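What follows is the residue order along each chain.
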Amino acid sequence: MFVVLLVLIVILGSVVFHMVSPWWWSEIASNWVGMDDTIILTFWITGAVFVAIGLFMAYCIWKFRYDKDKKAEYEPENSKLEWTLTILTTIGVIALLAPGLIVWNNFVTVPKGAYEIEVVGQQWGWMYRLPGKDGVLGTTSIKNIDDDNPFGLNTDDPYSLDDVLVDADDLHILIDRPLKLNLRALDVLHDFYVPQFRAKMDMVPGTITYYWFTPIKTGEYEILCAEYCGTGHYAMLGYVYVDEQKEYDEWVDEQMTFEEVLASNGKSDLIKIALNKKNDL
Amino acid sequence: MAADSYEDVVKNKESIPALEVAPQDLYHAKSFWTKYIFCQDAKVIGIQYGLTAVAIGLVGLVSSWLMRMQIAFPGFIPMDAAQYYQLVTMHGMIMVVYLLTALFLGGFGNYLIPLMVGARDMVFPYVNMVSFWVFFLAVIILASSYFVPGGPTGAGWTLYPPQAITSGTPGGDGLGIVLMLVSLAVFVIGFTMGGLNYVITVLQARTRGMTLMRLPLTVWGIFTATVLALFAFPALFVAGIMMTLDNMLGTSFFMPAIIQFGEKLTHEGGSPILFQHLFWFFGHPEVYIVALPAFGIVSDLISVHARKNIFGYRMMVWAIVIIGGLSFVVWAHHMYVAGMNPWFGFFFATTTLIIAVPTAIKVYNWVLTLWRGNIKLTLPMLFSIAFIITFVNGGLTGLFLGNVAVDVPLSDTYFVVAHFHMVMGIAPVLVILGSVYHWFPLITGRFLNERLGKIHFWVTFIGSYSIYFPMHYLGFMGVTRRYFEVFEGEAFTYSITGINQFITVAALVTGAAQFLFIYNIIVSSKFGKKAGKNPWKACSLEWRTKDVPPTHGNFDKELPVVYRWAYDYSVPGADEDYITQDTPPSAVANARAEQT
Ligand code: HEM
Ligand SMILES: [Cu+2]
Ligand SMILES: [Cu+2]
């Protein structure tokens, strides 16, 4: 009969562990409160089911333990009971799915006013690109990448010149402004993940993926690569700083634009071509 | 069976459908080689499958120890990141494919299907024998990758390109990944031979009176899983071949233009996400290939040891079939944050949560079988109880991950690791352990030692729950998986060192208990208590053989004829609390059985 106790301990122990666990998510720093809320809702529904099934089972094991003078009940089917349970389960599933899909709909619908930043992953570090004054990210190609042009920008794209290039693991972003991250990988899969923002999405070489969020708390946040990308995966870290406008501007001013990078490499001929194209627009 | 046979048997009680084809002569082995090595008897093949799977499974188990040591006590066992990733990869692949799939389908399938459907053997014994040896070859190829320069692949068991076949990954630019893909391809070939056998045997070789709706759920589970595997493995097979071509011949199925460590590779235009679709089109059904046999077997264990018919048999059969069907339209729930078109999320979240309904029904029916039963707390029953708790836990966390928006923060964290170990690692293993205790008396004629078994049960259940339950909470904090150095991230609200050490100790103890189990098997097969015929008083045919353990040909001169379903336990009016499937109604005239 110890096993009845065991079942009870496992069920109730799980509940107690959940209540006292100091391991819990960090305070959220983005608008994705809906994800947390859906998790909490899921916890309530699934937790209730877990406890109910567990306790009922413990009761059965205790109450209907073997007795050689007794016989089990013979009841092959009970369609009423089976259908009731089916319908109740279906209702529970709908209660979970509906809010989940609403949050997902928000997640995949980027709001109109969002500004864009490109995140580039490569083994094993991060780079970032801001659109610059014109607010548009210039086009890129893997073919263009070399020491002078680590992002592979198309030099003849008029939107390229003013792009701000950040060849470092740390990124600054603005508080309270919806931000769309355009995600690009140069070699293998990576995933730009900051636990406090909750959001993540793989970066896939050959295509550009994205997600959006609005940071709601200033501060410093650690970036973890969340998609296995080879031997250095565990060391692919960095920081995101959520700034007020003033600090953000200061940081942007310190960075070089593509034009400045080209100039410092003595590629003024390329700059001229690009500028001509820009004037054609 | 004649077309009207079912009606005959039901209505006229005693009448027996005529034989459709004359019984065929079996192949009788004459030498040691054909009897024990290239044997065509499904029972021996099943045991060969089982032993091979367990042998390579032990490599997987020891790998998990080494990983856990690195996570909790880094430096204690010297290893570098490359080796760690090789351990993770080989552990995952071995456990899923070479241990669980081979054990459930090759092992249990071969041993139990002919016995349970009342056949003398599989329909194609020779192909069946070849199937095992091809599987054996696949295992050898897999094991050989440990000994090539660069070692085995460290690409993760998901083998995602471009990483899997490039130089930033252990074994990616060497033989490691090649051998893995070749081994998988060989495995699929071997499995297909066996799989066709299992399916055709269930469909064509059932004894007279054994209608589909009288099959034990074990057979339904293995049968449906085999059908799934026959559809799912080809996707893995082609994906493996395409990746090998990308790797060896420079094609670009999965390889876009990339620049790695400053060097431009020659590929262009391929799609890494295409591979993921192919992989998970195999990979998700694979979960059920492991789960459905476990569902079926555990239903039978619960029913026998609770002395009660399985509750809602027909619903259980339909649930297995529906889950099997649905499992082909949910694969992309593994790819919510993989960069596919985000609109797919709506479709796959919906299909995924729909699967929860038939799955929940199965759980209810297991528990309702206990309700008003007469429960014997034998070892198979204990493991079944542990299975239900573990499976309910893992199934419920699946509702988190399947609900696309909730998956966003949790995917690629330890929450996922905890979830899939609960639901497709521990839960099926608990069923395997329970069924070894259950069928050992059939296979060897002796019981396993009960005292050792009890210790094994307590340590295994409490241990595995202690490993994986707390792990979910690491996932909530955002602890990412596949990290060689598990460090105190700044987002973590509390130190993870202590809990990781606790988990590692639990893993070492749980693993060690499995060696106790193996010891028990070895000793008891020689010195265990004699079991005699049908020691659990079960209804199904595998206990109705001429000899115990069953010999070549399984049954007596005449094959048994089946008059009822496999669950006539505690029928009112009957003298005994069970009526075997081959008992004619006239022999139990007072019994008021409802189900046929
Ligand atoms: C004592 C039992 C076990 C222990 C302690 C254990 C431990 C581990 C650990 C530490 C990882 C690495 C997690 C990560 O960093 O992502 C892992 C991965 C994995 N395990 Fe287990 N495991 C056990 C049993 C099983 C079983 C029975 C299965 C069968 C399904 C299984 C399947 C997997 C898979 C598929 C992976 C993922 C590999 C990858 O990330 O490529 N494990 N396990
Ligand atoms: Cu990574
Ligand atoms: Cu899946």
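Summarised in this report is the structure supplied together with it. (Residues numbered from 1 in each chain as written. Chains lettered and ligands numbered in written order. Predicted model: local features only at pLDDT ≥ 70, side-chain atom pairs only at ≥ 80, totals over all residues. Heavy atoms only, no water.)

## Quick look at the nonpolar core
Judged by nonpolar contacts, the single largest core of 285 residues is most densely connected at A:F107, A:I173, A:F192, B:Y98, B:L159, B:W366 and B:F387. The dominant element in this core, judged by the number of residues it contributes, is helix α4 (residues 81-117) of chain B, at 24 residues. In terms of domain composition, this core takes at least three residues from each of domain 1 (2-66 + 75-108) and domain 2 (115-280) of chain A. Setting aside chain neighbours within four positions, we find B:F387 in contact with B:F295, B:V298, B:W366, B:A427, B:L430 and B:V431. (Core = buried A, V, L, I, M, F, W, Y, C linked by side-chain atoms within 4.5 Å. Buried < 20%, exposed > 50% of the residue type's maximum accessible area, 1.4 Å probe, protein only. Helix = DSSP H or I, 4+ residues; strand = E, 2+ residues; numbered from the N terminus. Domains from an automatic or database assignment. Contact = heavy atoms within 4.5 Å.)

## Overview of the coordination of the copper ion (ligand 2)
Residues and elements named next belong to chain A. Here the copper ion (ligand 2) is held by the protein donor atoms C225 (SG), E227 (O), C229 (SG) and H233 (ND1), which lie 2.1 to 2.5 Å from it. Classification of the site at the copper ion (ligand 2) rests on its 4 donor atoms, whose angles at the metal span 88 to 128°, yielding the label tetrahedral. When the donors of the copper ion (ligand 2) are listed by position in the chain, the intervening gaps give C-x1-E-x1-C-x3-H. H233 carries the same exposure label as C225, and that label is buried. (Donors = N, O, S within 2.8 Å, 3.2 Å for Na, K, Ca; no water. Tetrahedral: all angles 85-135°; square planar, octahedral: opposite > 155°, others 65-115°.)

## Description of the packing of helix α3 (residues 42-72) of chain B against helix α16 (residues 497-527) of chain B
Residue and element names in this part refer to chain B. Running from N to C, α3 and α16 cross one another at 160°; their axes reach a closest spacing of 9 Å. By the angle between their axes, α3 is roughly antiparallel relative to α16. Once α3 is placed against α16, the crossing between them reads as left-handed. Contact with α3, carried on its side by L58, L61, W65, R68, M69, I71 and A72, involves N500, Q501, I503, T504, A507, L508, G511, A512, F515 and I518 of α16 and no other residues of that element. The residue inventory of the contact of α3 with α16, partitioned by class, reads 12 nonpolar, 4 polar and 1 charged. (Axes fitted to C-alpha atoms, helices over the stretch in contact; angles between N-to-C directions. Parallel < 35°, antiparallel > 145°, perpendicular 65-115°, else oblique. Left-handed = near helix turned anticlockwise from the far one by under 90°. Nonpolar A, V, L, I, M, F, W, Y, C, P; charged D, E, K, R; others polar.)

## As for the pairing of strand β8 (residues 209-213) of chain A
Residues and elements named next belong to chain A. Counting buried positions over the 5 residues of β8 gives 4, a clear majority of the element. Alignment of strand β5 (residues 179-185) against β8, held across 5 bridges, turns out to be antiparallel. Bridge pairing links L179 to F213 in β8. (Pairing = 2+ DSSP bridges.)

## Thoughts on the sheet that holds strand β11 (residues 256-257) of chain A
Residue and element names in this part refer to chain A. Taken in spatial order, the 6 strands of this open sheet run β8-β5-β1-β2-β3-β11, and their pairing is mixed. Either end of the sheet is taken by a strand with one partner, and the two such strands are β8 and β11. As defined by bridge partners, strand β1 (residues 115-122) adjoins β5 across 7 bridges and the pair is classed as parallel. Across the sheet, the residue bridging to I117 is L181, located in β5.

## Considerations on helix α14 (residues 450-468) of chain B
Because the α-helix completes a turn every 3.6 residues, residues three or four places apart line up on one side. When the terminal C-alpha atoms of α14(B) are compared, their 27 Å separation across 19 residues agrees well with the 27 Å that a helix rising 1.5 Å per residue should span. Residues of α14(B) that are buried include every one of B:G453, B:H456, B:F457, B:T460, B:F461, B:G463, B:S464, B:Y465, B:S466, B:I467 and B:Y468, and no others. The secondary structure elements touched by the buried residues of α14(B) are α1 (2-20) and α2 (33-63) of chain A together with α11 (379-402), α13 (414-444), α15 (471-477) and α16 of chain B. A side-chain oxygen of the first residue of α14(B) lies 2.8 Å from the backbone nitrogen of B:R451; this N-cap is B:N449. (Expected span 1.5 Å × (residues − 1). Polar contact = N/O pair within 3.5 Å; in protein donor to acceptor, adjacent residues only side chain to side chain.)

## A look at the pattern of salt bridges
One side chain can pair with another of opposite charge once the charged atoms of both are near each other. Counted according to the given criterion, the structure contains 15 salt bridges over all chains. Here the residues in one salt-bridge network are A:E118, A:R129, A:D163 and A:R184, joined through shared partners. (Salt bridge = Lys/Arg side-chain N within 4 Å of Asp/Glu carboxyl O.)

## Description of the pairing of β1(A)
Residues and elements named next belong to chain A. Counting buried positions over the 8 residues of β1 gives 6, a clear majority of the element. Note that β1 and strand β2 (residues 125-130) share 5 bridges and pair antiparallel. Bridge assignment links G121 to a residue of β2, and that residue is W126.

## Some points on the packing of α2(A) against helix α10 (residues 344-370) of chain B
Running from N to C, α2(A) and α10(B) point in directions that differ by 20°, and their axes come no closer than 9 Å. In terms of axis orientation, α2(A) runs roughly parallel to α10(B). When the axes of α2(A) and α10(B) are compared, the crossing they make is left-handed. Taking contact as the criterion, the partners of A:I53, A:F56, A:M57 and A:C60 in α2(A) are, on α10(B), B:V363, B:Y364, B:V367, B:L368 and B:L370. Here the residues of the contact of α2(A) with α10(B) sort into 9 nonpolar, no polar and no charged.

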